Amino acid sequence: VMKLNPQQAPLYGDCVITVQLTEEDKVEDDVVFYLIFTGSTVQHCTSTRKINPGSLETIAPGHDCCETVKVALCASKEGCPLLVVAEESFQFIQDEAYDAAQFLASCAGNQQALNFTRFLDRSRPPAADVEFLDEKVALAFRHLKLPPGWNVLGADQSLNENTPRETLMHFAVRLGLLRLTWFLLQQPGGRGALSIHNTEGATPVSLALERGYLKLHRLLTEEEAREPDSWSTLSHTVHSGDYCVKHHRGLDVYVLTAE
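Residues numbered from 1 in each chain as written. Predicted model: local features only at pLDDT ≥ 70, side-chain atom pairs only at ≥ 80, totals over all residues. Heavy atoms only, no water.

Looking at an unreviewed UniProt entry, one finds the protein named A-kinase anchor protein 13 and attributed to Tinamus guttatus.

On to the overall build of the protein, then. Along the protein, the regular secondary structure elements total seven helices and twelve strands. Counting only C-alpha atoms and orienting by the principal axes, one finds that the protein spans roughly 70 × 35 × 35 Å. Across the 259 residues that make up the protein, the buried fraction comes to 46%. When contacts within the protein are restricted to residue pairs at least 6 apart in sequence, long-range pairs at least 24 apart make up 63% of them. A total of about 13800 Å² of accessible surface is found on the protein, and carbon and sulfur atoms cover 52% of it. If the 22 positive side-chain charges of the protein are averaged to one point and the 34 negative ones to another, these points end up 5 Å apart. (Helix = DSSP H or I, 4+ residues; strand = E, 2+ residues; numbered from the N terminus. Buried < 20%, exposed > 50% of the residue type's maximum accessible area, 1.4 Å probe, protein only. Contact = heavy atoms within 4.5 Å. Areas by Shrake-Rupley, 256 points an atom, 1.4 Å probe, with all protein chains shown as cover. Lys, Arg positive; Asp, Glu negative; His and termini not counted. Charge placed at Lys NZ, Arg CZ, Asp CG, Glu CD.)

According to the domain assignment, the protein consists of domain 1 (3-94 + 234-258) and domain 2 (96-226). Using C-alpha coordinates to define each centre, domain 1 is positioned 34 Å away from domain 2. Domain 1 puts six residues into the contact, and the matching count from domain 2 is nine residues. Carbon and sulfur atoms make up 62% of the area that domain 1 and domain 2 hide from each other, which totals about 710 Å². Run the count over domain 1 and domain 2 and you get zero salt bridges. Counting across the interface, domain 1 meets domain 2 through four residue pairs in polar contact (both at pLDDT 80 or more). (Domains from an automatic or database assignment. Buried area = accessible area lost by both parts, 1.4 Å probe. Salt bridge = Lys/Arg side-chain N within 4 Å of Asp/Glu carboxyl O. Polar contact = N/O pair within 3.5 Å; in protein donor to acceptor, adjacent residues only side chain to side chain.)

Turning our attention to the packing of helix 5 (residues 178-186) against helix 7 (residues 214-221). Interaxial distance between helix 5 and helix 7 falls to 10 Å at its minimum, and their mutual angle equals 10°. By the angle between their directions, the pair helix 5 and helix 7 is classed as roughly parallel. Side by side, helix 5 and helix 7 meet where Leu178, Thr181, Trp182 and Leu185 of the first sit next to Lys215, Leu216, Leu219 and Leu220 of the second. Looking at side-chain class alone, the contact of helix 5 with helix 7 contains six nonpolar, one polar and one charged residues. (Axes fitted to C-alpha atoms, helices over the stretch in contact; angles between N-to-C directions. Parallel < 35°, antiparallel > 145°, perpendicular 65-115°, else oblique. Nonpolar A, V, L, I, M, F, W, Y, C, P; charged D, E, K, R; others polar.)

Attention now moves to the environment of serine 76. Summarising the element assignment, serine 76 is placed in strand 8 (residues 67-77). As for serine 76 and isoleucine 36, which are separated by 40 residues in sequence, their C-alpha atoms are 13 Å apart. Leave out the neighbours within four places in its chain, and serine 76 touches Asp30, Val31, Val32, Tyr34 and Leu82.

Further remarks concern a nonpolar patch on the surface. A grouping of Val238, Tyr243, Val245, Tyr254 and Leu256 is seen on the molecular surface, where their side chains present a nonpolar patch of about 450 Å² in accessible area. Taken together, the elements giving at least two residues each to the nonpolar patch come down to strand 11 (243-248) and strand 12 (253-258). Here leucine 256 is to be found in strand 12. On the basis of relative accessible area, leucine 256 is assigned to the partly exposed category, the value being 36%. (Patch = residues over 30% accessible without salt bridge, like charges linked within 9 Å, V, L, I, M, F, W, Y side chains within 5 Å.)

We now examine the pattern of salt bridges. Inspection of every chain in the model, using the stated rule, returns nine salt bridges. Across the pair aspartate 30 and lysine 77 runs a salt bridge, and its minimum N-O distance is 3.9 Å. Taken as a pair, aspartate 30 in the loop between strand 3 (16-20) and strand 4 (31-38) and lysine 77 in strand 8 lie far apart in primary sequence, 47 residues in all. Residue class for lysine 77 comes out partly exposed when judged on its relative accessible area of 30%. Here lysine 70 ties to glutamate 87 by a salt bridge, and the two come within 3.8 Å at their closest N and O atoms. Here lysine 70, found in strand 8, pairs with glutamate 87, found in strand 9 (residues 83-93); they are 17 residues apart in sequence, far enough to count as distant. Assessed through its relative accessible area of 46%, lysine 70 is described here as partly exposed. For glutamate 87, a relative accessible area of 45% translates into the label partly exposed.

Mapped onto the fold, histidine 217 is located in helix 7. Classification of histidine 217 by relative accessible area gives buried; the value is 18%.

Here we come to helix 1 (residues 96-106). Spacing of three or four residues puts side chains on the same side of an α-helix, whose turn is 3.6 residues. Every buried residue belonging to helix 1 is among Ala97, Tyr98, Ala101, Leu104 and Ala105, and all of these are buried. Buried residues of helix 1, viewed axially, fall in a sector of 130°; they line one side. Turned more than 90 degrees away from the buried face of helix 1, the exposed residues are Glu96 and Ser106. (Arc of directions from axis to C-beta.)

Structural data, given as structure tokens:
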């Protein structure tokens, strides 16, 4: 039996999984291990990285629904057939970051919801929490299947730029969420949101400056601004038909997903 740690991952994946091997599976140098995650409609195969003779490391794939999947540890050695060494179950769950991303996506144009997020801001979370929140919610947002026609400014396109209102971009900037801001900038309505004033007359750009978020201000105003470092910048994804391959440069691990 192998031990997986943790035994669950959020739907958007992208966290490190450690695989503890039993005595008899201790890694010989020329054996390559893979993990195969089998869900109801999608299958993922991940390569692994050896940490020491008794343990491997890999990256959790992003999955399409909340469910328990079967994970098989496969060993491959040149000239030998592929062997299934061990099996274990693993759970994909919807965590708070995913809930938060769904909530934010759904309230893009909703002033009451956006004003609630302003109320939350009065209890400024500590920097470490903001960093954690930013990373997780941005990853979750990338994984969401946003409805066709989704817009950072919400569905009501009849409002013009002169209508003072709160936007998702104000929210992301006010909390100093660099990665979420970057993600929103790439979406429809993202750039347009930068010039919208709220009822106090603040734009996301002026908010960044007023709060002293210089990195964030550069992100919003410089032509050459680059994506902030995050798990998603460490990985490179290629789609082809029903297949998708993701290379995580940090751990040098590959994830192949097939429908």
